[in-house]
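Fold and contact review
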Amino acid sequence: MSLLTDFNQRQAVEVGQELHRFAAELYPICRSITGDGIRQTLAMIQDRLPLRIHEVPSGTGVFDWTVPKEWNIRDAFIKARDGQRVVDFQKSNLHVLNYSTPVHATMPLGELKPHLYTIPEHPDWIPYRTSYYKPDWGFCLSHNQLLALKDGEYEISIDSTLEDGHLTYGEHYLAGRSADEVLISCHACHPSLANDNLSGLAVATFLAGFLCGRELRYSYRFLFIPGTIGAITWLARNPEAVGRIRHGLVLTCIGDAGGFHYKKSRRGNAEIDQVVAHVLRHSGEPSEILEFSPYGYDERQYCSPGFNLPVGCLMRSVWERFPEYHTSADNLDFIRPAQLARALRVCTAILDVLENNRAYRSENPYCEPQLGRRGLYRSKDGGASREEMMARLWVLNFSDGKHSLLDIAERSGIFFPILSEAAHVLCQQELLSPLLSDDVVQATEKVSRALP
Ligand SMILES: [Zn+2]
């Protein structure tokens, strides 16, 4: 049974609710690029998946970067003269500039203001700001909160630590028949932000869970890492695994109400780029394909010129293009169960194509074989549907060793799983045979690999 056929037998409503529930469990944690927040997040993923947790010491050199000090936080506030907390970390972890150095002081509002961040255009929202690589402290608050602050003295406290420790990331590996790998990567370093990090984490966790225990062609590696420094650290520490990556996806911002966006790999014509475009075209949802650019999520690192891996980025709304991005409005209401479930289905369909895309040879290339005699043609009393029959004709005609099933899917406009099923039926009838063994590079891959 194909991955997609199996997935389609699940109740989409329940799958969506489970995904959303998992995002809700992860939501309250104050994550950052290092520290106990990301450890706790990985432990919760580990409850669902075998996950290897790696701890890389602060100060470790990784290419042009250095693993930073570890950040942890217990509490933070701004207190008015009457002792009331006017800004309280316990109410939202976004209130603290992520990676703030510790501070405890009393100061007038005028001195405090350069350390306060708001969004005047959305006066009820709290912005999310970070200062990972420049030591600083600050508070993020709604613009209305700022306007309500009267002149006078305020007690401020950020009870954080920034010390030598570790960078933590999680890795789930699933062995397939081939050592060639599919990489699925998502960042796990944002605090209470739902679309930007939790949607990707939830979909990746459930996708990995769905693959567990299956007989697979490729091996799969799922990375749950802090953004940028996590990908750089993993790439620096795993040169052998890097060499085995044949296809990859970064998953992020995948649970909101927007249509799908796929940012192509730097190669632009890798098999993954073709596969995602094909699946999205048949997804029944609006979608847009974006060219590669050296800005965005961790595809920036995987697609840096020294690696140039075939890794694209699958999203719904695109970072910075939606107003809720990096604000308290990217909350659990902003992501929706149905959208999460459909995103998981699209990911499953993508892997289904990767698993089943290969080239075949027609065993009967001189004129059409007589399909009716074999019960494979459309007839008055039923038999094949028109689409099934067309799929069989397309597969037979183009299985000349030069076209993969995906090439045929693109040329015919027929959705890949229907062609894949046609190929299966034709092989059973000995009208078709696989051209290459499973772990041999296919025609499509050869083309994309030959390019710089
Ligand atoms: Zn972000």
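Treat the numbers as computed from the prediction; the structure is a model and nothing was measured. (Residues numbered from 1 in each chain as written. Predicted model: local features only at pLDDT ≥ 70, side-chain atom pairs only at ≥ 80, totals over all residues. Heavy atoms only, no water.)

1. Overview of the confidence of the model for the protein
Averaged over every residue, the pLDDT of the protein is 94; the share at 70 or more is 96%. Scored below 50 in pLDDT, residues 438–452 shows 32 contacts in the model against residues more than four places distant or in partner chains. (pLDDT = per-residue confidence, 0-100. Contact = heavy atoms within 4.5 Å.)

2. A few points about the sheet that holds strand β15 (residues 287–290)
Strand order in the open sheet formed by 8 strands is β1-β10-β12-β11-β13-β16-β14-β15, and the pairing between neighbours is mixed. Whereas interior strands pair on both sides, the edge strands pair on one side only; in this sheet they are β1 (52–57) and β15. Neighbouring strand axes in the sheet, compared pairwise and without regard to direction, differ in orientation by 20° on average. Looking at chain direction, strand β10 (residues 166–174) and strand β12 (residues 219–225) are connected through 5 bridges and run antiparallel. Residue pairing for β12: tyrosine 173 is matched across the bridge by arginine 221. (Pairing = 2+ DSSP bridges. Helix = DSSP H or I, 4+ residues; strand = E, 2+ residues; numbered from the N terminus. Axes fitted to C-alpha atoms, helices over the stretch in contact; angles between N-to-C directions.)

3. Examining the layout of surface pockets
Approximately 520 Å³ is the volume attributed to the second largest pocket. Lining the second largest pocket we find 23 residues, and of these Tyr132, His190, Thr228, Gly296 and Arg300 sit closest to its centre. Split into classes, the residues belonging to the lining of the second largest pocket amount to 11 nonpolar, 8 polar and 4 charged. (1 Å grid on protein atoms, 1.4 Å probe; cavity = no way out; pocket = protein on both sides within 12 Å on 5 of 7 lines; lining within 4 Å. Points joined across faces, edges and corners; volume = space filled by probe spheres on them. Nonpolar A, V, L, I, M, F, W, Y, C, P; charged D, E, K, R; others polar.)

4. Considering empty space enclosed by the protein
One pass over the full model with this rule turns up 2 cavities of 30 Å³ or more. Here the second largest cavity is characterised by a volume of approximately 40 Å³. Around the second largest cavity, the lining residues are Val279, His282, Ser283, Arg345, Val346, Ala349 and Phe415. Looking at the lining of the second largest cavity, its residues break down into 4 nonpolar, 2 polar and 1 charged.

5. Brief notes about the nonpolar core
Counting residues in each nonpolar core, the largest one holds 85 residues, and the members touching the most others are Phe224, Leu314 and Ile350. Beyond its immediate chain neighbours, meaning those up to four positions away, isoleucine 350 contacts Leu249, Ile272, Val275, Val276, Val279 and Leu314. In this structure, Ala80, Leu183, Leu193 and Ile232 belong to the second largest nonpolar core, which totals 62 residues. (Core = buried A, V, L, I, M, F, W, Y, C linked by side-chain atoms within 4.5 Å. Buried < 20%, exposed > 50% of the residue type's maximum accessible area, 1.4 Å probe, protein only.)

6. A few points about the sheet that holds strand β5 (residues 85–88)
Overall, antiparallel pairing links the 4 strands, which are arranged β5-β4-β9-β6 in an open sheet. A single partner strand is all that each edge strand has here, and the edge strands are β5 and β6 (103–108). Adjacent strand axes in the sheet meet at a mean angle of 15°, parallel and antiparallel pairs treated alike.

7. Notes on the coordination of the zinc ion
Ideal donor angles around a metal are set by the shape: a four-donor tetrahedron calls for 109.5 degrees, a six-donor octahedron for 90 or 180 degrees. Within the protein, the atoms that donate to the zinc ion are His190 (NE2), Asp196 (OD) and His326 (NE2), at distances of 2.0 to 2.1 Å. Taken in sequence order, the residues that donate to the zinc ion follow the motif H-x5-D-x129-H. With a gap of 136 residues between them, histidine 190 in the loop between β11 (181–187) and α6 (194–211) and histidine 326 in the loop between β16 (311–315) and α11 (337–356) connect regions that are remote in the sequence. Just as histidine 190 is buried, histidine 326 falls in that class too. (Donors = N, O, S within 2.8 Å, 3.2 Å for Na, K, Ca; no water.)

8. What to know about the packing of aromatic side chains
Think of a pair of aromatic rings as described by two things: how far the centres are apart, and how the planes are tilted against each other in angle. Taken as a whole, this structure holds 13 aromatic pairs when the rule is applied. For the pair tryptophan 394 and phenylalanine 398, a centre-to-centre distance of 5.5 Å together with 20° between the ring planes defines the contact as stacked. Here the residue tryptophan 394 and the residue phenylalanine 398 both occupy positions in helix α12 (residues 386–398), the gap between them amounting to 4 residues, near one helical turn. Residue phenylalanine 398 is classed as buried on the basis of its relative accessible area of 14%. An aromatic cluster is present here, built from Trp65, Trp71, Tyr99, Tyr132 and Tyr133 joined pairwise through their rings. A cation sits over an aromatic face here: lysine 79 above phenylalanine 77, 4.7 Å from the ring centre. (Phe/Tyr/Trp six-rings, centres within 6.5 Å; stacked < 30°, edge-to-face > 60°. Lys NZ or Arg CZ within 6 Å of the ring centre and 35° of its normal.)

9. Remarks on the pairing of strand β4 (residues 70–79)
The buried fraction of β4 amounts to 8 of the 10 residues, a majority that puts the element mostly inside the structure. The pairing of β4 with strand β9 (residues 153–163) spans 9 bridges and is antiparallel. Within β9, the residue paired with isoleucine 78 across the bridge is isoleucine 156. Where β4 lies against β5, 3 bridges are found, and the strand directions are antiparallel. Note on β5: the bridge partner recorded for isoleucine 78 is valine 87.

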